[in-house]
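Spelled out, the chains give:
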Amino acid sequence: MARIVPSADVADSARIGEGSSIWHLAQVREDAVLGENCVVGRGAYVGTGVVMGDNCKLQNYALVYEPARLENGVFVGPAAVFTNDHYPRAIEPDGRIKRADDWEPVGVTCLEGSAIGARAVCVAPVTIGRWAMVAAGAVVIKDVPDFALMVGVPARRVGWVGRRGVPLQASEESGHWVCPASGDRFVEDGPDRLIELEGN
């Protein structure tokens, strides 16, 4: 069964998977879906209808606004933010307060195994590729390729990482990369595409 501490605020319509933990002062909104063995840290926020796969981790004070989608094994670091509005405003030009139906939410999609560092911001709509890593404090404003290592404001690719999160090293063969932790091998297919070789 899931573990939900008394100080957490979890909507009755949210679905929390077996083995998941929702910690102090976290909020999980209506119709959110969390898979098995997820962790939602202290003060984290999961928006209405957000969908998370199995084995995801939201660290303390991460803010995941709807309609974000996280596949299995996604890591979201402390105080990271996923935005959801192209043109945010509190009021209309005539001074009326904006209502929920006055804007169209856009979401961040994190593919399998991707990791978002502490205090990073993902400006929707963007997709973070499989096993990619966004460095702490980076601001992502465009889609991130699989296995990319992204740093800076705005975020730019400075290298590649393997499934263990360790930066890949260039091999002797041009365009080929190796994970020093696992020995897995990869090959570049163009400037922003890395392919994991079979047999790893």
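Please read these numbers as outputs of a predicted model, since none were measured by experiment. (Residues numbered from 1 in each chain as written. Predicted model: local features only at pLDDT ≥ 70, side-chain atom pairs only at ≥ 80, totals over all residues. Heavy atoms only, no water.)

Q: Would you explain the overall build of the protein chain in this entry?
A: Of the regular secondary structure elements, the protein chain holds zero helices and 26 strands. Expressed along its principal axes, the backbone C-alpha trace of the protein chain runs to roughly 60 × 45 × 25 Å. Expressed as a percentage of the 200 residues in the protein chain, the buried residues total 40%. A separation of at least 24 residues holds for 17% of the contacts in the protein chain among residues at least 6 apart in sequence. Only carbon and sulfur atoms are counted for the fraction: they give 51% of the accessible area of the protein chain, which is about 10,400 Å². Side-chain charges of the protein chain comprise 19 positive and 26 negative groups, with the mean position of each set lying 5 Å from the other. (Helix = DSSP H or I, 4+ residues; strand = E, 2+ residues; numbered from the N terminus. Buried < 20%, exposed > 50% of the residue type's maximum accessible area, 1.4 Å probe, protein only. Contact = heavy atoms within 4.5 Å. Areas by Shrake-Rupley, 256 points an atom, 1.4 Å probe, with all protein chains shown as cover. Lys, Arg positive; Asp, Glu negative; His and termini not counted. Charge placed at Lys NZ, Arg CZ, Asp CG, Glu CD.)

Q: Explanation requested: the packing of aromatic side chains in the structure shown.
A: The geometry of an aromatic ring pair comes down to the distance between the two centres and the angle between the two planes. Overall, the coordinates contain two aromatic pairs when judged by the stated rule. Judged by centre distance (5.1 Å) and plane angle (45°), the ring pair of Tyr45 and Tyr65 falls under tilted. Pair noted here: Tyr45 is in strand E8 (residues 45–46) and Tyr65 is in the loop between strand E11 (63–64) and strand E12 (69–70), with a separation of 20 residues, a long-range link. For the pair Phe147 and Phe186, a centre-to-centre distance of 5.0 Å together with 65° between the ring planes defines the contact as edge-to-face. Separated by 39 residues along the polypeptide, Phe147 in the loop between strand E20 (139–140) and strand E21 (148–151) and Phe186 in strand E25 (residues 185–188) bring together distant segments of the chain. Look at Phe147 and you get buried, because its relative accessible area is 1%. For Arg157, the ring lying beneath its charged end belongs to Trp160, and the centroid distance is 3.9 Å. (Phe/Tyr/Trp six-rings, centres within 6.5 Å; stacked < 30°, edge-to-face > 60°. Lys NZ or Arg CZ within 6 Å of the ring centre and 35° of its normal.)

Q: Looking at this model, I keep getting lost on the pairing of strand E22 (residues 156–160). Mind explaining?
A: If a strand is regular, its side chains alternate between the two faces of the sheet. Where E21 and E22 come together, four bridges link them in antiparallel fashion. The residue bridging Ala148 from the neighbouring strand is Trp160, located in E22. In sequence, E21 turns back onto E22 through a hairpin of four residues, with Gly152 there showing a positive phi of about 95°. (Pairing = 2+ DSSP bridges.)

Q: Help me understand the sheet that holds strand E16 (residues 115–116) in this model?
A: What links the strands of a sheet is backbone hydrogen bonding, and the strands pair in either a parallel or an antiparallel sense. Taken together, nine strands build an open sheet; the order of strands is E1-E4-E7-E10-E13-E16-E19-E21-E22 and the sheet is mixed. The open sheet has two edge strands, strand E1 (3–4) and E22, and neither has a second partner. Bridge count between strand E10 (residues 57–58) and strand E13 (residues 75–76): two bridges; the pairing is parallel. Paired with Lys57 across the two strands is Phe75, which belongs to E13.

Q: Teacher, can you tell me more about the sheet that holds strand E23 (residues 169–170) here?
A: With antiparallel pairing, four strands are arranged side by side in an open sheet as E23-E24-E25-E26. In this open sheet, the two edge strands, each paired with only one partner strand, are E23 and strand E26 (194–196). In terms of strand pairing, strand E24 (residues 176–178) meets E25 through three bridges, oriented antiparallel. Considered in E25, the bridge of Val178 is made with Arg185.

Q: I keep staring at the environment of Gly117 and nothing clicks. Help me out?
A: Along the polypeptide, Gly117 turns up in the loop between E16 and strand E17 (121–122). When residues no more than four places from it in sequence are discounted, the contact partners of Gly117 are Gly77, Ala80, Val134, Ala135 and Ala136.

Q: What am I meant to see in the nonpolar core here?
A: One broad trend across soluble globular proteins is that nonpolar side chains are buried collectively. Core analysis: the biggest nonpolar cluster contains 49 residues, and Leu70, Phe82 and Ile128 have the highest contact counts within it. Those elements giving two or more residues to this core turn out to be strand E15 (108–110), strand E18 (126–128) and E21. Among residues more than four places away in sequence, those in contact with Phe82 are Leu63, Val64, Tyr65, Ala68, Leu70, Val76, Val108, Cys110, Ile116 and Cys122. (Core = buried A, V, L, I, M, F, W, Y, C linked by side-chain atoms within 4.5 Å.)

Q: Help me understand the pairing of E21 in this model?
A: One ladder, built from two bridges, connects strand E19 (residues 133–134) with E21; its direction is parallel. Following the sheet pairing, Val134 is matched in E21 by Met150.

Q: I tried to follow unusual backbone geometry on my own but got confused; where do I start?
A: Glycine aside, residues mostly have negative phi, and peptide bonds are mostly found in the trans state. In this chain, Glu66 is followed by Pro67 through a cis amide linkage whose omega measures 5°. Here the amide bond leading from Ala124 into Pro125 is cis, since omega sits at 0°, within 30 degrees of zero. Structurally, Pro125 is set in the loop between E17 and E18. The phi torsion at Arg119 lies on the positive side, around 60°, for a residue other than glycine. Considering the arrangement of structural elements, one finds Arg119 in the loop between E16 and E17. Unlike most non-glycine residues, Trp131 shows phi in positive territory, near 60°. Looking at where Trp131 falls in the secondary structure, it is placed in the loop between E18 and E19. By relative accessible area, which is 18% here, Trp131 ends up buried.

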